[in-house]
Amino acid sequence: MLAVGVILTAGIVTGGLYWNKQRRLAATIQAHLLPPPSSKGLHPELGNRIAELNRRTTEGPNRVESLAELSSLYHANGYLSRAWQNYRILIELDNNNPLWPYRLATIVSNFGHLDDSVTLYRNAIKLNSEYTPTHIHLGDTLLKLNRYEQAQHAYQSAYDKDPSNPFALFGLARVALTQDDTKIAQRLLESARRSNKRIGGDLLADVYETLGETSKARALLHDVTWSSHVDIPDPWIDDLVSVCYDSFEVAMAGGKAGRRGNTTRAIELLKKAISLDPLDQNAHNHLAETYVAQGNLNQARLAYEACIKVSPTFDRGWAGLISVELKSGNQSRASQIIDQAIAKCPNSYVINNYKGEDLIKKALFRDAIPFFETSVRAAPEKAVGYNYLARAYLNLGENGKALKYLQRALKTEPSNPLSIKLITIFYVLAEDPAQARAFLRKAVLSPRISEEDIAQLQAMFDEKFKQ
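A brief structural summary. (Residues numbered from 1 in each chain as written. Predicted model: local features only at pLDDT ≥ 70, side-chain atom pairs only at ≥ 80, totals over all residues. Heavy atoms only, no water.)

**Quick word on the overall build of the protein chain**
This is how it is decided: The helix count covers DSSP runs of H or I at least four residues long, the strand count covers runs of E at least two residues long, and both are numbered beginning at the N terminus. As a reference, a globule follows 2.2 Å times the number of residues to the power 0.38, and the radius of gyration itself is taken over C-alpha atoms. Only protein chains enter the area calculation, which uses a 1.4 Å probe; residues under 20% of their type maximum are buried, those over 50% are exposed, and those in between are partly exposed. We call two residues contacting when some pair of their heavy atoms lies within 4.5 Å.
When helices and strands are tallied, the protein chain shows 26 helices and zero strands. For 467 residues, the compact-globule estimate of 2.2 N^0.38 gives 23 Å, and the C-alpha radius of gyration of the protein chain, at 30 Å, exceeds that figure by more than 25%. Principal-axis analysis of the C-alpha atoms places the extent of the protein chain at approximately 115 × 55 × 30 Å. Out of the 467 residues belonging to the protein chain, those deemed buried represent 46%. For the protein chain, restricting intrachain contacts to residue pairs at least 6 apart in sequence, the fraction spanning at least 24 positions comes to 53%.

Structure, rendered in structure tokens:
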């Protein structure tokens, strides 16, 4: 009888504690949960999910789990103020979970509240110090605040866990550069690139140039086609895309995956973006570009064709399709597509350049000029149209006009490598050693011109002037 009484008493106490906890959860949620957004204009499935999760969050029984799902849904679909508030509630109610301060940190950081972001990242680290992206993001945020010693400590924490982590190495290199320690930055960036060739390339080229190692900078820049700043793989944020109904955001996530080199994931996400909005020309275009990066020109062709079908005046889609045909060796097919494209996009600088270049290949130099002139009118800030005009006039023997356009190209883009090469060749052929030497030196000092091109320009100069 005594044992039964103890058990009954314990059950009553436990039940009371549970009941009080549920009352506290319900009261906190009721007091702080923001109302759901209007369902007008929402994807029907998204609207239904928001309504259902909002109901489950306020009515229970699994209020915290429902609130967590609702928070992810808001965060993934751009309702950041609601996600922000929900994460604050979750930090109160589920205070041992590092996911909530971490996700809130990414939101407040994007709104410019960097000091708050630092506090949240540090709280997330206290709850889980093993998740490397938290240390990297903390370091990045501290670097923006010019708190270099603290940033170095954050990156060092990630490095200590994994000395080959390219993001930790890249972060430490950036701190070294703030301290003008170029040699240490060089060593760290070289290590980062050994771990991941997509990390730190253009920044390392700048370091080589600063150290006077122009040939190394030149070789590296010709091997690098992407920016140093690649986002770290981050499942705690990246996984949100699985509940995203915004075609643009899903396509952006696909682009991010592509920049990391994960073309399979990029294609998967871009197809999802197209399924959400079949008329999204940018999603079609990015899918085609990803297939090109993968080397799958047949699928790229189909994706570009779908792109121009949904948006016939989208010149990037036409330009991509022309490029695929040229890469496939289908010159005649490319010429046909160029004619179709110029009819749909008569003022596009890129399509006019393609049309003019096509005519130059057929030795129709005079016919090409109007198209390059249209290109220059459409994009006067770009050197490419001026360079094409110079080539056309050189082929026609009208050297004065060729020089005029080369000078305009260099005025527009003083470091444009093709402009520097062409004007060097022009002065060599014009037998003007002083000008040829000056531009040859400029070419030698430019890291954007390859060693092979430098050697050819030097050989032309020597043959003409050193006899």
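**What about the pattern of salt bridges?**
Side-chain pairs of opposite charge can arise whenever the charged atoms involved come near each other. As a reminder, the rule being used: Here, a salt bridge means any side-chain nitrogen of Lys or Arg that lies within 4 Å of a carboxyl oxygen of Asp or Glu.
Here the structure, examined in full by the defined rule, presents 18 salt bridges. Between Lys355 and Asp339 there is a salt bridge, with its nearest N and O atoms 2.7 Å apart. In this pair, Lys355 sits in helix H20 (residues 349-361) while Asp339 sits in helix H19 (residues 331-344), placing the two residues 16 residues apart along the sequence. On the basis of relative accessibility, which here comes to 12%, the residue Lys355 falls in the buried class. Ionic pairing is found between Lys464 and Glu431, a salt bridge with its closest N-O pair at 3.7 Å. Here Lys464, found in helix H26 (residues 451-465), pairs with Glu431, found in the loop between helix H24 (417-429) and helix H25 (433-445); they are 33 residues apart in sequence, far enough to count as distant.

**Comments concerning the packing of aromatic side chains**
What counts here: Here a Phe, Tyr or Trp ring, Trp counted by its six-membered ring, pairs with any other such ring whose centre lies within 6.5 Å, and the pair is stacked when the planes are under 30 degrees apart, edge-to-face when over 60, and tilted otherwise. Placement of a positive charge over a ring is assigned whenever Lys NZ or Arg CZ falls within 6 Å of the ring centre and within 35 degrees of the normal to the ring plane.
Tallied over the entire structure, the rule returns 12 aromatic pairs. Ring geometry for Tyr74 versus Tyr79: centroids 5.9 Å apart, planes at 65 degrees, classification edge-to-face. We note that Tyr74, like Tyr79, is buried. Relative to Tyr405, the ring of Tyr393 lies with its centre 5.9 Å away and its plane at 5 degrees, an arrangement referred to as stacked. Note that Tyr393 is positioned in helix H22 (residues 384-395) and Tyr405 in helix H23 (residues 399-412), a separation of 12 residues in sequence. Overall, Tyr393 belongs to the buried group, its relative accessible area being 6%. Among the residues examined, Tyr405 registers a relative accessible area of 9% and is labelled buried. In this structure an aromatic cluster arises from ring pairing among Tyr102, Tyr121, Tyr131 and Trp236. A cation sits over an aromatic face here: Lys355 above Phe371, 5.9 Å from the ring centre.

**A look at the nonpolar core**
Nonpolar side chains tend toward joint burial in soluble globular proteins. For clarity, the cut-off: We call a set of buried residues a nonpolar core when its members are Ala, Val, Leu, Ile, Met, Phe, Trp, Tyr or Cys and they connect through side-chain atoms within 4.5 Å of each other.
Of all hydrophobic cores here, the largest spans 97 residues; its most connected members are Ile50 and Ile351. Here this core takes eight residues from helix H9 (residues 166-178), the largest share from any one element. What Ile50 contacts, discounting residues up to four positions off in sequence, is Pro36, Pro37, Leu42, Leu70, Leu73, Tyr74 and Tyr79. In this structure, Ile369, Tyr386, Tyr405 and Phe426 belong to the second largest nonpolar core, which totals 34 residues.

**Describing the packing of helix H18 (residues 315-327) against H20**
Selection criterion: Helix axes are fitted to C-alpha atoms over the stretch in contact, other axes to C-alpha atoms as well, and angles between N-to-C directions run from 0 to 180 degrees. Angle categories are assigned with fixed cut-offs, so that under 35 degrees is roughly parallel, over 145 is roughly antiparallel, 65 to 115 is roughly perpendicular, and the rest are oblique. All residues other than Ala, Val, Leu, Ile, Met, Phe, Trp, Tyr, Cys, Pro, Asp, Glu, Lys and Arg, Gly among them, are scored as polar; the first ten of these are nonpolar and the last four charged.
Taken N-terminus to C-terminus, the directions of H18 and H20 make an angle of 30 degrees; their axes are 9 Å apart at the nearest point. The angle between H18 and H20 places the two elements in the roughly parallel class. For the pair formed by H18 and H20, the contact residues are Asp315, Trp318, Ala319, Ile322, Ser323 and Leu326 on the first element and Val350, Ile351, Tyr354 and Lys361 on the second. Residue composition of the contact of H18 with H20, grouped by class: seven nonpolar, one polar and two charged.

**Some thoughts on unusual backbone geometry**
Backbone geometry follows two general trends: most residues other than glycine have a negative phi, and most peptide bonds adopt the trans configuration. Positioned with a positive phi, Asn146 is a non-glycine residue whose angle comes to about 60 degrees. With respect to the secondary-structure elements, Asn146 resides in the loop between helix H7 (132-144) and helix H8 (148-161). On the accessibility criterion, Asn146 (52% relative accessible area) is exposed. If you check the backbone angles, Asp180 has positive phi at about 60 degrees while not being a glycine. Along the chain, Asp180 falls in the loop between H9 and helix H10 (182-195).

**Structural notes on the packing of H20 against H22**
Definition in use: Crossings are classed by handedness, with left-handed meaning an anticlockwise turn of the near helix from the far one by less than a right angle and right-handed meaning a clockwise turn.
Between H20 and H22, whose axes approach to 11 Å, the crossing angle comes to 15 degrees. Considering the angle they form, H20 stands roughly parallel to H22. Considering only the axes of H20 and H22, their crossing is left-handed. Across the interface between the two elements, Tyr349, Asn353, Glu357 and Ile360 of H20 pack against Val384, Gly385, Tyr388, Arg391 and Ala392 of H22.

**As for the environment of Glu149**
Structurally, Glu149 can be placed in helix H8. On the accessibility criterion, Glu149 (68% relative accessible area) is exposed. For Glu149 and Ala383, which are 234 residues apart along the polypeptide, the C-alpha to C-alpha distance reads 43 Å.

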